[in-house]
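Understanding the architecture of this molecule
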Amino acid sequence: MQSSLSLPTLSPTIPRSNYVVQSTLPLAPSKPINLRFCGLRREALGFSSLNQSDSHRVRLVASSRSKKVSASLSDNGSAPKSFDYDLLIIGAGVGGHGAALHAVEKGLKTAIVEGDVVGGTCVNRGCVPSKALLAVSGRMRELQNDHHLRALGLQISAAGYDRQAVADHANNLASKIRTNLTNSMKSLGVDILTGFGTILGPQKVKVGASDKVVTAKNIIIATGSVPFVPKGIEVDGKTVITSDHALKLETVPDWIAIVGSGYIGLEFSDVYTALGSEVTFIEALDQLMPGFDPEIGKLAQRVLINPRRIDYQTGVFATKITPAKDGKPVIIELIDAKTKEPRDTLEVDAALIATGRAPFTHGLGLENIDVATQRGFIPVDERMRVIDANGKLVPHLFCIGDANGKMMLAHAASAQGISVVEQVTGRDHVLNHLSIPAACFTHPEISMVGLTEPQAREKAEKEGFEVSIAKTSFKANTKALAENEGEGLAKLIYRPDNGEILGVHIFGLHAADLIHEASNAIALGTRIQDLKLAVHAHPTLSEVLDELFKSAKVKEHVSSPQAVAV
Ligand SMILES: Cc1cc2nc3c(=O)[nH]c(=O)nc-3n(C[C@H](O)[C@H](O)[C@H](O)COP(=O)(O)OP(=O)(O)OC[C@H]3O[C@@H](n4cnc5c(N)ncnc54)[C@H](O)[C@@H]3O)c2cc1C
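In this text, all values refer to a predicted model and were calculated from it rather than measured experimentally.

Side note on the site of the ligand
Residues in close proximity to the ligand total 41 residues, the closest being Glu114, Thr121, Lys131, Gly197 and Asp402. Glutamate 114 places a polar side-chain atom, nitrogen or oxygen, 2.6 Å from an oxygen atom of the ligand. In the environment of the ligand, an oxygen atom lies 2.6 Å from a nitrogen or oxygen atom belonging to the side chain of lysine 131. Protein burial of the ligand: of its 1,000 Å² of free accessible surface, 97% is covered by the chains.

Next comes the structure, spelled out in structure tokens:
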């Protein structure tokens, strides 16, 4: 069973998410409930159109280059003969933005349709505000760690924070990045069309509630995802919340239950505990952080969970969560994940539902082009080309980002968009998802690329090759020790016969930055025997990876297919 609470297995063909896919909890509905009900969702469900006075929203740009919309609603079925745009992107999240910028660079006349605010999940309700909160939690941890400060010879009287000022920091950062994103597209001549996009037929999209139709030679769906809330959980946005609400930091509860111990849950546990909350994790699988490489997961538990004000229940489902009201706390009813017998009832101040993300593909008009979603995700091939209900490719239609479920990460969405633009401008390109890194921005951070050790061993057994493991500790790194941050491990999973990197996992200071040497090596096909010759500045954390590659024992001393220049 694929769980919404874990990193799904890494396979280029199976939809994969690092920010966990739609739940398959036993009681989960076929359609997600209690999802974010923003202007966009309102429009998707046929309510009133967007409030154009909203200052965040962008207006229909009357670009000098853009022709007037031409086709009419009556010609839905047939493909148009001429087009308003070379490329039309539905959804201005990071995926759509990345595709739009690359399309302009390639000389394509490009428009992007956005039904809510530019920037999508990452900028407004995801990566950006969460990293702003994590920047605060990191500083708070340092200032509260007397032992650590004394070791550096520092003394500090007391650390404190202003909740509203912290919330403002996150909100201000999101709005700054949103403005940057909007301006970058406008300045390059991307037309930003405001309204909900509905596909009417081949190469035709209706924008907003009016009957305006835009035609394009190629269309990219980049409509993203929304929080998934399992059946039985009542979200009130105050005491039972999703990440959308949590990022606003309207309260810092004394005791918060976090349902789901994937990336999002783990990052929020870092924020809440640094700000003084007590956390209880509720996890359906038998272990916390089930998607991580098990060895890294164990270390992460020892450092990020055990010494903090965090307890947990594993192997349990939250079947019913009732928000606090009339002086009563939030009530969480738990059943045993295997036996389905009642296990416990918790009474807490708040509950954060971090049980995964559901693709946002509702109301997109997929039925007009005979595309059937799979658990809401749009089926695509390895080139992000949309596959219809009969298993055939839909000409000129692509889907990128969270909506296809291949790898629910911001940079994956953007990379898929760039890959599609490469294809429509005449260069075949297949993105290697095994080279895309992922990171969890806790303190310290966790990062990874490629396969976990169990996944690598399974593949090795099937394909008949040997797997070796190399490890280095941050304790042997001068820079980490200078920072008094020696707690950390880097792990390399590789083929000793030819030096191919199968996976790299890092837990430690700046792990999210360090992973790129490994991910670029995988993307470029660089083998360990060549990486061993690369030079790293001393003293830097990058020497953790230098040591890692140098300690690997590769039998064959042939160079990589494309050897690195060192
Ligand atoms: C709390 C949290 C933290 C995260 N942290 C990270 C992180 O640190 N790093 C990372 O890589 N990823 C992170 N993610 C995941 C990341 O946010 C997503 O993977 C990424 O935003 C997906 O981009 P996208 O372009 O596919 O979709 P989205 O960003 O969701 O954008 C889709 C856009 O399409 C619009 N839209 C939808 N339907 C229509 C329609 N029919 N017509 C017009 N517009 C439409 C939506 O309004 C939205 O603006 C995080 C997510 C969360 C929730």
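Moving on from the coordinates now.
Notes on the packing of helix α4 (residues 127-144) against helix α6 (residues 163-188)
The description of two helices packed together rests on the angle between their axes and the distance between the axes. At a minimum axis distance of 8 Å, the contact between α4 and α6 shows a crossing angle of 140 degrees. With respect to the hand of their crossing, α4 and α6 are arranged in right-handed fashion. Seen from α4, the contacting residues are Val128, Pro129, Ala132, Leu133 and Val136; seen from α6, they are Val166, His169, Ala170, Leu173, Ala174 and Ile177. When grouped by side-chain class, the residues that make up the contact of α4 with α6 number 10 nonpolar, 1 polar and no charged.

A few points about helix α9 (residues 294-305)
Residues of α9 that are buried include every one of Ile296, Gly297, Leu299, Ala300, Gln301, Val303, Leu304 and Ile305, and no others. On the buried face of α9, the contacting elements are α8 (263-274), β10 (278-283), β11 (310-314), β20 (445-450), β22 (489-494) and β23 (501-508).

Topic: the nonpolar core
Counting 49 residues, the largest nonpolar core has Leu266, Tyr272 and Ile446 as its most contacted members. Counting residues per element, this core draws most heavily on α8, which supplies 7 residues.

A short note on the UniProt feature "binding site: FAD" (unreviewed entry) in the protein
With numbering aligned to this structure, UniProt lists the feature "binding site: FAD" (unreviewed entry) at Lys131, Gly197, Thr223, Gly224, Ser225, Asp402, Met408, Leu409, Ala410 and His411. Relative to the helices and strands, methionine 408 resides in the loop between β18 (393-399) and α10 (410-424). A relative accessible area of 2% means that methionine 408 is categorised as buried. A relative accessible area of 5% places leucine 409 in the buried class.

Notes on the environment of aspartate 162
Summarising the element assignment, aspartate 162 is placed in the loop between α5 (146-151) and α6. A C-alpha to C-alpha distance of 9.9 Å links aspartate 162 and leucine 275, two positions 113 residues apart in sequence.

Rules used in this analysis
Residues numbered from 1 in each chain as written. Predicted model: local features only at pLDDT ≥ 70, side-chain atom pairs only at ≥ 80, totals over all residues. Heavy atoms only, no water. Near = heavy atom within 4 Å. Polar contact = N/O pair within 3.5 Å; in protein donor to acceptor, adjacent residues only side chain to side chain. Areas by Shrake-Rupley, 256 points an atom, 1.4 Å probe, with all protein chains shown as cover. Axes fitted to C-alpha atoms, helices over the stretch in contact; angles between N-to-C directions. Helix = DSSP H or I, 4+ residues; strand = E, 2+ residues; numbered from the N terminus. Left-handed = near helix turned anticlockwise from the far one by under 90°. Contact = heavy atoms within 4.5 Å. Nonpolar A, V, L, I, M, F, W, Y, C, P; charged D, E, K, R; others polar. Buried < 20%, exposed > 50% of the residue type's maximum accessible area, 1.4 Å probe, protein only. Core = buried A, V, L, I, M, F, W, Y, C linked by side-chain atoms within 4.5 Å. UniProt positions renumbered as here; feature names shortened; annotations may be inferred.

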